[in-house]
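Examination of the molecular architecture
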Number of protein chains: 2
Amino acid sequence: MNFTEYPASELRYLPRAAVIECCAEIDVLAVVEDALVRHGRGQTMLPEEAYLGWETSAGTAARSLAMPGGLRLSGGLALGVKTINGNLGNPDRGLARSQGLLMMFDPEIAWPRTIMESAYLSATRTAAVTALTARLLGRPGMRGAALIGCGTLAKAHLALLPAGITEVCLYDRDPLRARALAEAVRDRIEVRVAADAESCVRGRDLVVTVTTVTEGYLPFEWLAPGALVAHVSLDDVLPDVVRRAGLVVVDDWDLVRHDHRRLLGRLHRDGLLLGPDGGSHPGVTPEPSARRVDTTLAAILTGAHPGRRSEHDVVLSNPFGMSILDIALGQAVEEVAARRDAGVRLAM
Amino acid sequence: MNFTEYPASELRYLPRAAVIECCAEIDVLAVVEDALVRHGRGQTMLPEEAYLGWETSAGTAARSLAMPGGLRLSGGLALGVKTINGNLGNPDRGLARSQGLLMMFDPEIAWPRTIMESAYLSATRTAAVTALTARLLGRPGMRGAALIGCGTLAKAHLALLPAGITEVCLYDRDPLRARALAEAVRDRIEVRVAADAESCVRGRDLVVTVTTVTEGYLPFEWLAPGALVAHVSLDDVLPDVVRRAGLVVVDDWDLVRHDHRRLLGRLHRDGLLLGPDGGSHPGVTPEPSARRVDTTLAAILTGAHPGRRSEHDVVLSNPFGMSILDIALGQAVEEVAARRDAGVRLAM
């Protein structure tokens, strides 16, 4: 029994292929930069995400994140929720680790308006943040990049390589994966494969971690003077990188400090890391050696913070990953899709 | 550039009409009861929901909830996330207040597998919980029900009327809405329309609040001895109903106590309400007059709590609304949909 007559309404569905086509018409870096600036100006809504974790019958760890968010854009509100699920056992079966859907809402009636594949946008916005971070915080004249981990996020980073980077060194625990990725990009960039993480990192101006490890391995002493570490994955750098870096930058301190699963949140809980405002975790007395998170990417973009202080400083950027970037891109994709009538229209 | 080749995969999409058709083959009460029992046995996962609130350009309050959840069923894990959005301004425009999508996941690879309209299931499971609650906690021989609020949830309750209820009294602030609903169900139930909330409530054995009010109006003295109040909407009963009820029951104490937006969570924060374990809010000293939440629906269903103590007691049931019920129904709908090849299959 349909107890309420809903008026006929439609949803637009965009599969991955349509999202990719729409993105080809979008200046991804400009959209992500605009969203970060709006975040710095308080024109965004970024609630805590919902997290569901489980174990598959094969014993691998799987999880689903539901990340709502909103931005006040020049054309009005952009609102949505990104769902992105992951299973660490997928790559061994030839499947991408992550997959999900981004749902965009009509801000006036609040109903869902568009659903699109979210893994492509998620990887793309992550690589775009690294590219912007490198532009803002890379050493002047930076040239060589290390990519640790050769999965989807490494590929997204190679597709949106930061300006100035002319050679890339790849490392993966699975040497076949690293070699396959090197072959795939050899025609457009100077690429080599390292035998271990240390030789991949040493001497590089930009170090990007895109792994699935849950235990740190990257000590400060591997890092060249002036190196920028884009700590994209969960737990690659060791605590001494946080302690000794000349500058530590996050995307959103509230997201980072509430997270139990990543290094910076744990250091904060242990009294070893203070917020950009100098604040400690409630009920925790900071250690005398505690350091402060210096600032946010948005503050550097808006000019509220000067950024890198010296070309010799090691800079650590630790983005948590913000739904508002997916939603800003999702809004841009929606606009292209409406113009091209892309995807499939579904009755609600 | 598609930096990762995803294997071809499919999603099933079920519009509202298909969900309703599939539900016709499901024993909704049995599915919801089974999910509640599993919740009582610790066979569920119920993380905190994510909440995004905003104001529409017309100045009405809108919100999106993302509610993940999981259950261990006999056939394996059922996992998903319900998104349900609402805009209080919709009914005045002839639109349902709430709309959203339920996404079900493949527990082995974690990818989304099915998307379906969620407002129908959401209203249905809410009414099913009231029907089960009435069976468990209604006064012996109960006959008359009051429905305060005549929107979608009232209609869902009339479609799943608790066993024993033979007459219903309706009230809505908009008398036309109440009269229209009465006309629509007059052929299958004895129904009348009350001129005010008080005369609707007085003398009824079952009082169901399904309103959108944000300020309480229902005092204890309106309630007949032995009445069961199913406090489905946010904030209808006044604090003295909580204080003086013979039995106070919730669906999940963790969800209820964390909620800032509803009466029971606020009373807990104010030191006026303790958990079923006697616990007070961290850092809050309970008032001497504080009462305890007696138990959960699941504990009564599994026999861990005896339920109603006397036929004269007023019983207050205050369900928060649990995603696991939507997901249990979603799993049942998925099974019917697969058998009937219902809905639309979409490339991911």
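Keep in mind that this is a model prediction, so the values were computed, not measured.

Definitions and cut-offs
- Residues numbered from 1 in each chain as written.
- Chains lettered and ligands numbered in written order.
- Predicted model: local features only at pLDDT ≥ 70, side-chain atom pairs only at ≥ 80, totals over all residues.
- Heavy atoms only, no water.
- Least-squares fit on C-alpha atoms with pLDDT ≥ 70 in both.
- Contact = heavy atoms within 4.5 Å.
- Domains from an automatic or database assignment.
- Salt bridge = Lys/Arg side-chain N within 4 Å of Asp/Glu carboxyl O.
- Polar contact = N/O pair within 3.5 Å; in protein donor to acceptor, adjacent residues only side chain to side chain.
- Helix = DSSP H or I, 4+ residues; strand = E, 2+ residues; numbered from the N terminus.
- Nonpolar A, V, L, I, M, F, W, Y, C, P; charged D, E, K, R; others polar.
- Axes fitted to C-alpha atoms, helices over the stretch in contact; angles between N-to-C directions.
- Parallel < 35°, antiparallel > 145°, perpendicular 65-115°, else oblique.
- Left-handed = near helix turned anticlockwise from the far one by under 90°.
- Pairing = 2+ DSSP bridges.
- Buried < 20%, exposed > 50% of the residue type's maximum accessible area, 1.4 Å probe, protein only.
- Phe/Tyr/Trp six-rings, centres within 6.5 Å; stacked < 30°, edge-to-face > 60°.
- Lys NZ or Arg CZ within 6 Å of the ring centre and 35° of its normal.

Turning to the relation of the copies chain A and chain B, a few remarks are in order. Here chain A sits on chain B after a turn of 180 degrees about the axis and a move of 0.0 Å along it, with an RMSD of 0.0 Å. Expressed as an axis order, the relation between the two copies is that of a two-fold axis. Rotation axis and chain A: the residue whose C-alpha lies nearest the axis is Ala50 of chain A, separated from it by 2.5 Å. Comparing interface residues between copies, 100% of those in chain A also lie at the interface in chain B; the contact surface is shared.

All names here are of chain A. Domain annotation for chain A reports domain 1 (10-121 + 324-347) and domain 2 (136-320). The C-alpha centroid of domain 2 is placed 24 Å from the C-alpha centroid of domain 1. On the side of domain 2, 14 residues touch domain 1, which itself brings 14 residues to the contact. At the junction of domain 1 with domain 2, the criterion picks out zero salt bridges. One can count one residue pair in polar contact (both at pLDDT 80 or more) joining domain 1 with domain 2. In terms of residues, the side of domain 1 that touches domain 2 owes the most to one element, helix α2 (residues 28-40), which gives six residues. In terms of residue class, the side of domain 1 that touches domain 2 is made up of eight nonpolar, two polar and four charged.

Another point: the packing of α2 of chain A against helix α11 (residues 323-340) of chain A. Residues and elements named next belong to chain A. Interhelical geometry of α2 versus α11 gives an angle of 130 degrees and a closest axis separation of 9 Å. When the interaxial angle is binned, α2 and α11 end up oblique. In this structure, α2 crosses over α11, and the sense of that crossing is right-handed. Together, Val28, Val31, Val32, Ala35, Leu36 and His39 of α2 and Ile324, Leu325, Ala328, Leu329 and Ala332 of α11 make up the contact between the two elements. Of the residues contributing to the contact of α2 with α11, the split by class is 10 nonpolar, one polar and no charged.

So, on to the sheet that holds strand β11 (residues 206-209) of chain B. Residues and elements named next belong to chain B. An order of β10-β9-β8-β11-β12-β17-β13-β16 is seen for the eight strands of this open sheet, with the pairing classed as parallel. Looking at which strands have only one partner, the edges of the open sheet turn out to be β10 (190-193) and β16 (295-296). On the sheet, helix α3 (residues 119-137) packs against β11, β12 (228-231), β13 (247-250) and β17 (315-318) and is oriented at approximately 155 degrees with respect to β12.

What follows concerns the interface of chain A and chain B. In this complex, chain A contributes 71 residues to the contact, which on the side of chain B involves 71 residues. At the junction of chain A with chain B, the criterion picks out zero salt bridges. At the junction of chain A with chain B, the criterion picks out 16 residue pairs in polar contact (both at pLDDT 80 or more). Tallied by class, the residues present in the side of chain A that touches chain B amount to 41 nonpolar, 19 polar and 11 charged.

All names here are of chain A. With their axes 9 Å apart at the nearest point, helix α3 (residues 119-137) and α11 run at an angle of 115 degrees to one another. Between α3 and α11 lies a crossing of right-handed hand. Of the residues in α11, those touching α3 at Leu121, Ser122, Arg125 and Val129 are Leu325, Asp326, Leu329, Gly330 and Val333. Residues of the contact of α3 with α11, tallied by class, amount to five nonpolar, two polar and two charged.

Let us now look at the sheet that holds strand β13 (residues 247-250) of chain A. Residues and elements named next belong to chain A. One open sheet holds the eight strands; their spatial order is β10-β9-β8-β11-β12-β17-β13-β16, and the pairing between them is parallel. Only two strands of the sheet have a single neighbouring strand rather than two, namely β10 (190-193) and β16 (295-296). Note that strand β12 (residues 228-231) and strand β17 (residues 315-318) share three bridges and pair parallel. What sits directly across from Val229, in β17, is Leu316. Seen against the sheet, α3 touches β11 (206-209), β12, β13 and β17 and runs at an angle of roughly 155 degrees to β12. Along the sheet, helix α4 (residues 152-159) makes contact with β8 (144-148), β9 (167-171) and β11, crossing β8 at roughly 160 degrees.

Residue and element names in this part refer to chain A. Non-glycine residue Ala110 carries a positive phi angle of around 80 degrees. Look at Ala110 and you get buried, because its relative accessible area is 0%. Even without being a glycine, Asp341 presents a positive backbone phi close to 50 degrees. Note on Asp341: relative accessible area 41%, which makes it partly exposed.

All names here are of chain A. Examined against the element boundaries, Asp259 turns out to sit in the loop between α8 (253-258) and α9 (263-269). Polar side-chain contacts of Asp259 include one of 2.9 Å to the backbone nitrogen of Arg261. Not counting chain neighbours up to four residues away, the residues in contact with Asp259 comprise Gly265, Arg266, Arg269 and Phe320.

This part takes up the packing of aromatic side chains. Applying the stated rule across the entire model yields two aromatic pairs over all chains. Centre to centre, the rings of Trp54 of chain A and Phe105 of chain B are 6.3 Å apart; their planes meet at 15 degrees, and the pair counts as stacked. Of the two residues, Trp54 of chain A is situated in strand β3 (residues 50-55) and Phe105 of chain B in strand β6 (residues 98-105); the pairing between them involves two chains. The same class applies to Trp54 of chain A as to Phe105 of chain B, namely buried. For Arg261 of chain A, the ring lying beneath its charged end belongs to Tyr51 of chain A, and the centroid distance is 3.5 Å.

Below, the discussion takes up the pattern of salt bridges. When their charged atoms lie close together, side chains carrying opposite charge are able to pair. In this structure the tally under the stated criterion is 52 salt bridges over all chains. Taking the shortest distance from any N to any O, the salt bridge between Asp294 of chain A and Arg309 of chain A comes out at 3.1 Å. You can see Asp294 of chain A sitting in the loop between β15 (291-292) and β16 and its partner Arg309 of chain A sitting in the loop between α10 (297-301) and β17, a full 15 residues away along the chain. In this structure, Asp34 of chain B and Arg38 of chain B form a salt bridge, with 2.8 Å as the shortest nitrogen-oxygen distance.

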